Amino acid sequence: MNKNLTVVIPIYLISEKLVNLTNTCLESVRTYLSDANIILVDDGSTYLPNDYINIGAATLVSHGKNLGFATAVNTGIKSCKTEYILIMGNDLSLLNNEPMDEAFQLLAQGSDFVKLHDQNGPGLNSPYQGFNCCLSKTSLYTEVGLLDTDFRQNFEDADFHERLDAHNKVVT
């Protein structure tokens, strides 16, 4: 199933901590989703990804300047050529295969948009945990639309969820 999956990771590397988190995230994706395509969308980092990130076979798309999270996610979605897309925050790591296996099962059972929950604790999960780590068919974004970039830093996930509801999409 992973060969039909693209993992989109928006990055904005402005500190050594974010560089380290991103490298840890990439390592976990390579470990647990070894056949997946990876697209890194650099949103104007001050720490240049080519100098600090173990890019490997991942595709790097650079904005050159900070255009915001929504634009970075949209760039990744537009670059995706696979049936499935996982949008994942660069500060997250997969700890095992279970969340992805469960997410694909939920899609097979009729879900349209699956939010993978934080494995470190349920207190970090919220109803609008929109784009920290979510799996869907790539075609969902053609049906519902991309993230609204007018929100710039906040509420793009809540707006997207409102549109999912308006299109009668199942969110789990």
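To keep things clear, this report deals only with the structure shown in the data block. Note that the coordinates shown come from a computational prediction; the quantities given were computed from them, not determined experimentally.

In this structure, Leu-5, Ile-9, Leu-86 and Leu-135 are the most contacted members of the largest nonpolar core, which totals 28 residues. Where this core is concerned, the elements lending two or more residues are strand S1 (5-11), helix H1 (16-32), strand S2 (37-42), strand S4 (84-88), helix H4 (98-108) and strand S6 (133-137). Other than its neighbours up to four places away in sequence, Leu-135 contacts Leu-5, Tyr-84, Ile-85, Leu-86, Met-100, Ala-103, Phe-104, Leu-107, Asp-112, Phe-113, Val-114 and Leu-116.

With that settled, consider the pairing of S6. Most of S6 is tucked away, with four of its five residues classed as buried. In this sheet, S6 lies alongside S4 in antiparallel orientation, the contact comprising five bridges. Bridge pairing links Leu-86 to Leu-135 in S6. When strand S5 (residues 113-115) meets S6, the two strands line up antiparallel, connected through three bridges. If you follow Val-114 over to S6, its bridge partner there is Leu-135.

Pairing is mixed in the open sheet, where six strands are placed in the order S3-S2-S1-S4-S6-S5. Two strands in the sheet have a free side with no partner beyond their single neighbour: strand S3 (59-62) and S5. With direction set aside, neighbouring strand axes in the sheet form an average angle of 20 degrees.

Within this structure, the stated rule accounts for four aromatic pairs. Ring geometry for Tyr-47 versus Tyr-52: centroids 5.0 Å apart, planes at 65 degrees, classification edge-to-face. Taking the centre distance of 5.1 Å and the plane angle of 80 degrees together, the rings of Tyr-84 and Phe-104 count as edge-to-face. On the criterion of sequence distance, the pair formed by Tyr-84 in strand S4 and Phe-104 in helix H4 is long-range, its members being 20 residues apart. Here Tyr-84 matches Phe-104 in class, with each residue buried. Aromatic rings pair up to connect Phe-113, Tyr-141 and Phe-160 into one cluster.

Cut-offs used in this document
Residues numbered from 1 in each chain as written. Predicted model: local features only at pLDDT ≥ 70, side-chain atom pairs only at ≥ 80, totals over all residues. Heavy atoms only, no water. Core = buried A, V, L, I, M, F, W, Y, C linked by side-chain atoms within 4.5 Å. Buried < 20%, exposed > 50% of the residue type's maximum accessible area, 1.4 Å probe, protein only. Helix = DSSP H or I, 4+ residues; strand = E, 2+ residues; numbered from the N terminus. Contact = heavy atoms within 4.5 Å. Pairing = 2+ DSSP bridges. Axes fitted to C-alpha atoms, helices over the stretch in contact; angles between N-to-C directions. Phe/Tyr/Trp six-rings, centres within 6.5 Å; stacked < 30°, edge-to-face > 60°.

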